Amino acid sequence: MAADTTPPAAPEDGLVGITIDGRTARVAKGTLVTDASAILGIHIPVYCAHPKMDPVAVCRMCLVHVEKMPKLQPACATPVSEGMVVSTERADVAKTREGVLEFLLLNHPLDCPVCDRGGECDLQDFAFRYGPQASRFPITEKVHFNKAVPLSDRIELDQERCILCWRCTRYYDEITGEKELVLQERGVHTLVNTFEGKPLTSAFQGNLPEICPVGALTNRKYRFKARPWDLQRTKGVCPTCSYGCNINIDSRDFEIKRFASRDNPLVDDMWLCDRGRDSGPSWNNVERIRRPVLRDATGSREVSVSEAVAAAARSLREVRERHGPSSIAVLGSAENTNEEIWLLQRLARTALETPHLDHQLEAFPDIGPEEHALGIAEIEQCAAVIVLGDEPEREAPVLTLRLFKAQTKRGVAIRRVVAQATRSLVGELPAEGLIGLIADETNREHATALAGELSRSHQVRRMTVTRGVNGRGAKDLGMLPNSGPGYTAVDQAGKAGRHILEASAAGLITGLVVMGGSVWSASVTPLLERVAAALEVLVVIDTRPGPLSRAATVLIPGHAIFEKGGTVTNMEGRVQRVRPALPPATQTPSETRILSALAAELGAAGWPGDHLLINRELVTAVPAYARAGNGGRALFEAAVRA
Amino acid sequence: MGEHKLLTEHFGTEGLQTLAVYERVGGYQGLREALSRFTPETLIDEVKASGLRGRGGAGFPTGTKWGFLPKDVFPRYLCCNADESEPGCFKDRALIDENPHQLIEGLLIAAYALQVNTAFIYIRGEYHDQRLLLERCVEEARAAGHIGANVLGSGFSCDVIVHGGAGAYICGEETALIDSLEGYRGQPRLKPPFPALKGLYGKPTVVNNVETLSNLPHIVQRGGAWFKQLGTEKSAGTRLFCCSGHINRPGTYEIAMGTPIRELLEEECGGIWKDRSIKAFQPGGGSMQVLLPEHLDLPLDMDAVAQAGSSLGAGAMVFMDETTCMVNVSMRLVDFYHHESCGKCAPCREGTYFESDLMHRLEAGHLTLEELHTLADICDNMNGKCFCPLGDTATWFVMSAFKAFRDEFEAHCGAGACPVRTASAQLVTA
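All of these numbers come straight from a predicted model, not from anything done at the bench.

**Digging into the overall build of chain A**
- A tally of regular secondary structure across chain A gives 18 helices and 26 strands.
- Considering only C-alpha atoms, chain A reaches an extent of 95 × 60 × 60 Å along its principal axes.
- Here chain A holds 642 residues, and the buried ones make up 58% of them.
- The contacts in chain A between residues at least 6 apart in sequence include a share of 69% that link residues at least 24 apart.
- As presented, chain A carries roughly 26,400 Å² of accessible surface, and 52% of it is formed by carbon and sulfur atoms.
- In chain A, which carries 75 positive and 78 negative side-chain charges, the distance between the mean positions of the two groups comes to 1 Å.

Put into structure tokens, the structure is as follows:
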């Protein structure tokens with residue numbers, strides 16, 4: 001009997017079966033061969049293909065053999081089909097790769113020893129792995145281009161190194177929509193240039209050198225600063241705003257050399273803004289507080305950290321004994337980690353027994369988790385998104401790219417309206433589907449009013465762009481005068497940030513603990529100077545000098561966000577870890593250890609000082625944070641109010 | 001067999017470029033009949049029945065191409081490809097110069113069959129006079145009610161827009177043509193989606209050659225079955241061949257398909273000039289592989305020529321006499337592709353540059369034998385690996401010539417000068 005040669009019918013699972021180099025997998029319909037091969041652990045080299053952009057198939061590096069196809073096919077632009085058999089190992093594929101690399105290197109300057117990209121260059125890597133060993137093209141015949149074309153104050157283009165993969169021009173077409181880069185000339189003389197020769201103005205230029213597969217586009221601020229293999233890489237979160245972009249902190253010789261993107265499709269989608277990207281290296285030149293200092297009428301002196309902590313506890317106890325607990329206030333900031341916030345609010349509420357605590361200057365009455373319901377990636381699932389005012393995108397620039405993607409690739413209607421918009425100003429909304437409403441913190445009252453109007457006819461979910469890398473965490477964990485951890489009710493509402501400062505200046509509050517106050521804008525400096533002059537006791541824990549630290553009776557240095565471990569919560573509630581990328585600029589312990597020591601001196605012994613132990617305590621008390629884990633969103637079911 | 005005048009029947013008639021004279025010789029009757037006797041569907045069937053195949057080079061059946069348009073997706077667009085840029089090709093220019101209204105009539109018939117309300121004529125930048133002529137003729141036809149709202153009172157409306165290119169060979173490739181028409185750099189698009197699904201402005205689009213469209217008035221008037229019996233089984237109708245090179249009477253000749261090439265050469269073109277013998281010829285324009293004297297008895301039939309390893313392409317016949325240096329011809333053609341490469345894909349952009357460099361050194365007699373093999377190798381690395389056919393065809397002539405005239409190529413290596421030219425100089429002076 002002849003064997004049945006008909007293949008078994010494919011299961012109806014909505015997937016398609018594919019064989020690559022003898023390995024089989026079932027993948028989603030429409031998956032590109034490059035992605036299917038990645039699932040199977042088979043490497044297909046690409047230059048023009050990019051996971052965030054539509055395929056163009058111009059580099060021809062990914063040509064593979066597909067059974068029943070007369071010619072080799074670009075894997076980056078070929079979707080899988082049922083029963084497709086692909087080979088990446090055949091001799092013709094290998095020869096084609098070698099041939100394409102020879103072509104790409106034909107007019108390439110081969111200046112790897114002086115190229116910023118050397119060591120992390122796809123052209124270099126693939127040439128070693130798949131390329132010809134020697135050049136057959138006479139070096140004298142190479143076409144020459146300009147090697148240092150400044151495209152802006154941030155980006156420099158080496159037109160000779162460019163392999164014309166079109167990633168940069170497509171980035172401007174597809175990702176930012178700004179269309180600032182174009183191709184000029186044709187054939188072998190083709191080059192990338194700015195549109196009409198004008199300098200780039202985009203707020204997202206720093207992504208260009210990262211998407212460039214070679215060393216053609218370089219970052220002028222990083223140029224010639226380090227070789228990739230000298231860099232030490234640490235996973236982190238961009239500290240500039242509350243969007244929470246994932247980054248790699250690349251350091252060398254105890255200095256931050258650059259922030260590199262670390263793709264989190266749910267947050268940054270691998271794009272960083274220039275403000276965030278440039279903030280890293282700027283930390284290298286910041287003036288820091290390095291030693292604990294005690295100051296009184298007779299002058300100031302440097303002391304040990306234990307002396308400083310003991311003095312702080314002693315003076316705060318004296319204030320409480322003389323004027324009562326309500327004469328003491330505690331201010332944190334949106335720059336503190338969740339673990340610091342946890343100890344600080346606990347210090348205020350249980351050790352110092354004061355209701356006056358906050359992390360910001362503005363008062364937020366009726367604060368609740370419903371203003372943070374919409375997730376960043378959920379923007380793409382909305383039928384329409386309303387953005388109140390231009391502040392949200394100014395506060396968190398990468399939000400602009402997510403909105404553009406939602407609009408162009410998902411067909412979401414984006415309405416940018418004035419902050420005071422009412423229903424009539426928003427215009428017609430789709431009858432069905434989720435409506436996203438985005439506002440920054442200064443417009444939360446307008447957003448609340450509009451959400452109330454819209455929710456009568458639509459399902460509305462709000463996003464509030466909080467300020468500071470951990471402004472959201474500080475609110476979630478109760479560093480507020482009117483809300484406890486997890487938005488629980490408080491027995492007695494205290495004074496909000498600005499009222500605390502005003503009461504201090506007026507002599508109503510005589511002892512103040514401030515952690516991280518140096519982030520406040522220069523507009524409050526006169527008030528801070530009056531506060532500093534009036535207070536009896538001012539305990540400052542901070543990284544950078546400011547009006548308060550210069551007058552502090554007890555000054556203790558803090559660790560910058562790159563120098564310590566912990567978690568921060570982004571504006572959508574995503575709890576993300578930060579890790580020490582650099583050794584601290586001071587020899588004193590981290591803020592959490594100082595706070596636990598201070599609590600002990602105040603009579604509350606046994607508080608954890610290690611951020612991991614604090615986190616364990618924190619997630620027990622706030623279940624939403626336990627559910628979020630590391631990298632998930634903290635979702636509060638409803639505000640619990642008395 | 002032999003010469004058969006269909007498209008060129010009225011060539012030379014005084015004032016044929018005016019609407020009045022064109023209509024006097026029966027012009028726009030095809031359009032009238034199409035609008036009155038056919039529905040769009042029956043018209044497409046008639047064109048399918050005629051066996052008409054595209055005259056732009058690929059030879060794809062026209063009716064089948066039209067059938068790919070998705071139903072119920074509007075608007076749709078029709079583009080006449082008048083970007084005739086193939087080296088050796090000038091038949092479309094003759095059709096426009098001599099009988100522009102025949103093209104416009106064909107365009108309108110196709111527009112009716114495809115239910116297109118905006119048709120474009122994309123004409124290459126170098127055809128400046130022809131563009132002005134077409135623009136004048138379109139205006140004339142519009143004034144007469146042949147173009148615009150309610151064509152000839154039929155209720156069907158169609159506007160015609162003449163658009164001049166900027167002089168890029170690649171814009172003859174249909175998707176590059178569409179890019180250029182939209183105002184972008186003319187560069188081929190990734191297929192699929194094919195233009196029939198997503199073409200101009202993302203809408204279903206048909207791109208047809210000038211000669212293809214010029215056939216339509218005759219197919220409508222005389223019937224698809226009549227057209228099909230002209231020519232051969234698989235190559236229906238007549239074709240215009242632009243004959244050039246070393247012949248006594250260069251020019252455009254309309255020939256029924258199936259006629260032997262030798263007949264075209266001897267009877268129409270008057271044979272090879274200066275009583276010399278033929279060394280080689282190229283049957284389909286600069287892109288196509290070289291053929292030898294022994295192939296002269298092949299019929300002018302797309303499939304027969306394809307079997308011989310070449311193609312009738314766009315119908316450009318270039319004949320070369322015995323004094324021709326094949327290395328020199330290859331070099332000139334490679335230079336053309338090097339100059340015209342759009343730069344989109346790496347193998348074409350860099351490969352044509354490498355090829356050109358090697359060919360120049362070979363022609364000057366400075367290449368080594370090893371480097372000659374490099375030439376063959378890089379051609380292999382280009383052919384079939386490029387984004388569009390431009391890069392592939394940049395290797396076809398040189399590779400076929402290298403195969404057929406290997407001795408000649410090898411004789412150039414290290415010779416310090418072109419050996420063929422040296423020998424030919426002696427032949428001519430002797």
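**Quick notes on the overall build of chain B**
- Of the regular secondary structure elements, chain B holds 18 helices and 8 strands.
- Taking 22 Å as the expected radius of gyration for a compact globule of 430 residues, we find that chain B reaches 22 Å, a close match to that expectation.
- Judged by the C-alpha coordinates and their principal axes, chain B covers about 70 × 45 × 35 Å.
- Looking at chain B as a whole, 61% of its 430 residues qualify as buried.
- Considering only contacts in chain B between residues 6 or more positions apart, those separated by 24 or more positions represent 71%.
- Counting only carbon and sulfur atoms, one obtains 52% of the accessible surface of chain B, whose full area is about 15,600 Å².
- The positive charge centre, built from 38 side chains, and the negative charge centre, built from 54, are 4 Å apart in chain B.

**Some points on empty space enclosed by the protein**
- According to the stated counting rule, one finds 7 cavities of 30 Å³ or more in the structure shown.
- Volume-wise, the largest cavity comes out at about 110 Å³.
- Taken together, 14 residues line the largest cavity, and the ones lying closest to its centre are A:Phe145, A:Gln159, A:Cys162, A:Leu164 and B:Glu350.
- The space that makes up the second largest cavity amounts to roughly 90 Å³.
- Around the second largest cavity, the lining is made up of 15 residues, and of these A:Cys162, A:Cys165, A:Cys168, A:Cys212 and A:Leu217 lie nearest the centre.
- Per-class residue counts for the lining of the second largest cavity are 14 nonpolar, no polar and 1 charged.

**Notes on the interface of chain A and chain B**
- Residue-level contacts link 35 residues of chain A with 33 residues of chain B.
- Across the chain A/chain B interface, buried area totals approximately 2,800 Å², and carbon plus sulfur atoms make up 56% of it.
- Ranking the residues of chain A by area buried against chain B places A:Phe103, A:Arg136 and A:Arg186 at the top, with a combined share of 27%.
- The interface formed by chain A and chain B holds 5 salt bridges in total.
- With its nearest N and O atoms 2.9 Å apart, the salt bridge here joins B:Asp377 to A:Arg136.
- Counting every contact that joins chain A to chain B gives 17 residue pairs in polar contact (both at pLDDT 80 or more).
- Those elements that provide at least two residues to the side of chain A that touches chain B are α2 (91-106) and β8 (181-184) of chain A.
- The element best represented in the side of chain A that touches chain B is α2(A), accounting for 8 residues.
- Considering only residue class, the side of chain A that touches chain B consists of 20 nonpolar, 6 polar and 9 charged.

**Remarks on the UniProt feature "domain: 4Fe-4S His(Cys)3-ligated-type" (unreviewed entry) in chain A**
- As annotated in UniProt, the feature "domain: 4Fe-4S His(Cys)3-ligated-type" (unreviewed entry) corresponds to residues 92-131 of chain A in the numbering used here.
- Secondary structure across residues 92-131 of chain A divides into 60% helix and 0% strand, with the first and last C-alpha atoms of the span separated by 14 Å.

**Here's the deal with the pairing of strand β24 (residues 554-557) of chain A**
Residue and element names in this part refer to chain A.
- Burial of the side chains of β24 extends over both faces: Val 554 and Ile 556 are buried on one face and Leu 555 and Pro 557 on the other.
- Across 2 bridges, the pairing between strand β14 (residues 293-296) and β24 is antiparallel. In the strand pairing of β24, Val 293 is matched with Leu 555.
- Two strands pair when backbone bridges link them, and strand β23 (residues 537-542) and β24 are joined in this way by 4 bridges, in the parallel orientation. What sits directly across from Val 540, in β24, is Leu 555.

**So, the UniProt feature "domain: 4Fe-4S Mo/W bis-MGD-type" (unreviewed entry) in chain A**
- UniProt annotation of "domain: 4Fe-4S Mo/W bis-MGD-type" (unreviewed entry) refers to residues 231-287 of chain A when read in the numbering used here.
- This span, residues 231-287 of chain A, is 16% helix and 35% strand, and a straight line between its end C-alpha atoms measures 24 Å.

**Some words on the sheet that holds strand β7 (residues 155-157) of chain A**
- An order of β6-β7-β10 (chain A) is seen for the 3 strands of this open sheet, with the pairing classed as antiparallel. Of all the strands in the sheet, the pair left with one neighbour each is β6 (149-150) and β10 (217-219) of chain A.

**Some remarks on the domain arrangement of chain B**
Residues and elements named next belong to chain B.
- Parsing chain B into structural domains produces domain 1 (19-229), domain 2 (238-321) and domain 3 (326-429).
- Distance from the C-alpha centre of domain 2 to the C-alpha centre of domain 3: 22 Å.
- Contacts between the two partners involve 11 residues from domain 2 and, on the opposite side, 14 residues from domain 3.
- Roughly 1,000 Å² of surface becomes buried between domain 2 and domain 3 when both sides are summed, with 70% attributable to carbon and sulfur atoms.
- With 3 residues, strand β7 (residues 278-282) is the single largest residue contributor to the side of domain 2 that touches domain 3.
- Split into classes, the residues belonging to the side of domain 2 that touches domain 3 amount to 5 nonpolar, 4 polar and 2 charged.

**Things to note about helix α4 (residues 167-175) of chain A**
Residue and element names in this part refer to chain A.
- Burial runs high along α4: 8 of the 9 residues are buried.
- Along α4, the residues classified as buried are Arg 167, Cys 168, Thr 169, Arg 170, Tyr 171, Tyr 172, Glu 174 and Ile 175.
- Elements that come into contact with the buried residues of α4 comprise β8, β9 (191-194), α5 (207-211), β10 and α10 (398-410).
- Looking one or two residues beyond α4, the residue adopting positive phi is Gly 177, at roughly 75°.

**What about unusual backbone geometry?**
- Between B:Phe74 and the following residue, B:Pro75, the backbone shows a cis peptide bond with an omega angle of -5°.
- Among the structural elements, B:Pro75 can be located in the loop between α4 (62-67) and β1 (77-82).
- B:Pro192 follows B:Lys191 through a cis peptide bond whose omega is -10°.
- The residue B:Pro192 is located in the loop between α8 (174-181) and β4 (205-209) in this model.
- Positive phi, normally seen in glycine, also occurs at A:Glu353, with a value near 55°.
- On the secondary structure map, A:Glu353 appears in the loop between α8 (338-351) and β17 (357-358).
- Although it is not a glycine, A:Tyr487 sits at a positive phi angle of roughly 60°.
- Considering the arrangement of structural elements, one finds A:Tyr487 in the loop between α13 (471-476) and α14 (497-505).
- Given a relative accessible area of 2%, A:Tyr487 falls into the buried group.

**A look at the packing of aromatic side chains**
- Scanning the model with the defined rule gives 20 aromatic pairs over all chains in all.
- When the ring of B:Tyr169 is compared with that of B:Phe336, the centres are 4.9 Å apart and the planes differ by 75°; the resulting orientation is edge-to-face. One end of the pair, B:Tyr169, is in the loop between β3 (159-164) and α8; the other, B:Phe336, is in helix α13 (residues 326-340), and 167 residues separate them in sequence.
- The exposure class of B:Tyr169 is buried, given its relative accessible area of 12%.
- A ring pair is formed by B:Phe336 and B:Tyr337, whose centres lie 5.1 Å apart and whose planes are at 85°; its orientation type is edge-to-face.
- A relative accessible area of 1% places B:Tyr337 in the buried class.
- Site record: aromatic cluster; members linked through ring pairs are A:Tyr47, A:Phe126 and A:Tyr130.
- If you follow A:Arg346 out to its NZ or CZ, it ends over the ring of A:Trp607, 4.2 Å from the centre.
- A cation over a ring is seen here: B:Lys274 above B:Trp273, with NZ or CZ 4.2 Å from the ring centre.

**Remarks on the environment of B:Glu266**
Residue and element names in this part refer to chain B.
- Looking at the secondary structure, you find Glu 266 in helix α11 (residues 261-268).
- The class for Glu 266 is partly exposed, based on a relative accessible area of 44%.
- Residues Glu 266 and Val 21, 245 residues apart in the sequence, show an inter-C-alpha distance of 34 Å.

**Overview of helix α7 (residues 128-143) of chain B**
Residue and element names in this part refer to chain B.
- Helix length check: α7 (16 residues) gives 23 Å between terminal C-alpha atoms against 22 Å at 1.5 Å per residue, within 8%.
- Looking at α7, one finds that the buried residues are Gln 130, Leu 133, Leu 134, Cys 137, Val 138 and Ala 141. Angularly, the buried residues of α7 cover 135° about the axis, an arc narrow enough to put them on a single face. Exposed residues pointing more than 90 degrees away from the buried face of α7 are listed as Asp 129 and Ala 143.
- Close packing links the buried residues of α7 with α5 (91-98), α6 (100-114), β2 (118-123) and β3.
- Positioned one or two residues after α7, Gly 145 has a phi angle of 85°, which is positive.

Thresholds applied
Here the residue index of a chain counts from 1 through its sequence in written order. Starting at A for chains and at 1 for ligands, labels are handed out in the order in which the entities are written. It should be noted that, the model being predicted, local features are given only for residues of pLDDT at least 70 and side-chain atom pairs only at 80 or more, the latter also being counted only at that level, while totals for whole chains, interfaces and linings use all residues. To get the side-chain values, take all heavy atoms of the structure and skip hydrogens and water. Secondary structure elements are taken from DSSP: a helix is a run of H or I of four residues or more, a strand is a run of E of two residues or more, and numbering for both begins at the N terminus. Only protein chains enter the area calculation, which uses a 1.4 Å probe; residues under 20% of their type maximum are buried, those over 50% are exposed, and those in between are partly exposed. By definition in these notes, contact holds between two residues if any of their heavy atoms fall within 4.5 Å. Per-residue accessibility takes into account occlusion by the displayed protein chains alone, with areas from the Shrake-Rupley method and a 1.4 Å probe. The convention is simple: Lys and Arg are positive, Asp and Glu are negative, and His and the chain ends are not counted. All charge positions are set by atom: Lys at NZ, Arg at CZ, Asp at CG, Glu at CD. Here the globule rule is a power law, 2.2 Å times the number of residues to the power 0.38, and the radius of gyration is based on C-alpha atoms. A 1.4 Å probe that fits into a set of points on a 1 Å grid over the protein atoms alone but cannot get out defines a cavity; an open set with protein on both sides within 12 Å along at least five of seven lines defines a pocket, and lining residues are those with an atom within 4 Å of a point. Grid points are joined across faces, edges and corners, and a volume is the space filled by probe spheres set on the points. Ten residues, namely Ala, Val, Leu, Ile, Met, Phe, Trp, Tyr, Cys and Pro, are considered nonpolar, four, namely Asp, Glu, Lys and Arg, are considered charged, and the remaining ones, Gly among them, are considered polar. Defined in terms of a 1.4 Å probe, buried area is the accessible area two parts forfeit on being brought together, summed over both. Salt bridge criterion: a side-chain nitrogen from Lys or Arg within 4 Å of a carboxyl oxygen from Asp or Glu. Two N or O atoms form a polar contact when they lie within 3.5 Å of each other; inside protein one atom must be a possible hydrogen donor and the other a possible acceptor, and for residues adjacent in sequence the pair counts only when both atoms belong to side chains. UniProt positions are given in the numbering used here, feature names are shortened, and annotations may be inferred rather than shown by experiment. Pairing between strands is defined by DSSP: at least two bridges between them are needed. Note that the domain bounds reflect an automated or database-derived domain assignment. A pair of aromatic rings is counted whenever rings of Phe, Tyr or Trp (Trp by its six-membered ring) have centres within 6.5 Å, and the orientation is called stacked for planes under 30 degrees apart, edge-to-face for over 60 and tilted otherwise. Criterion for a charge above a ring: Lys NZ or Arg CZ within 6 Å of the ring centre, and within 35 degrees of the ring normal. By this rule the span expected of a helix is its residue count minus one, scaled by 1.5 Å. Note: the arc covers the axis-to-C-beta directions of the helix.

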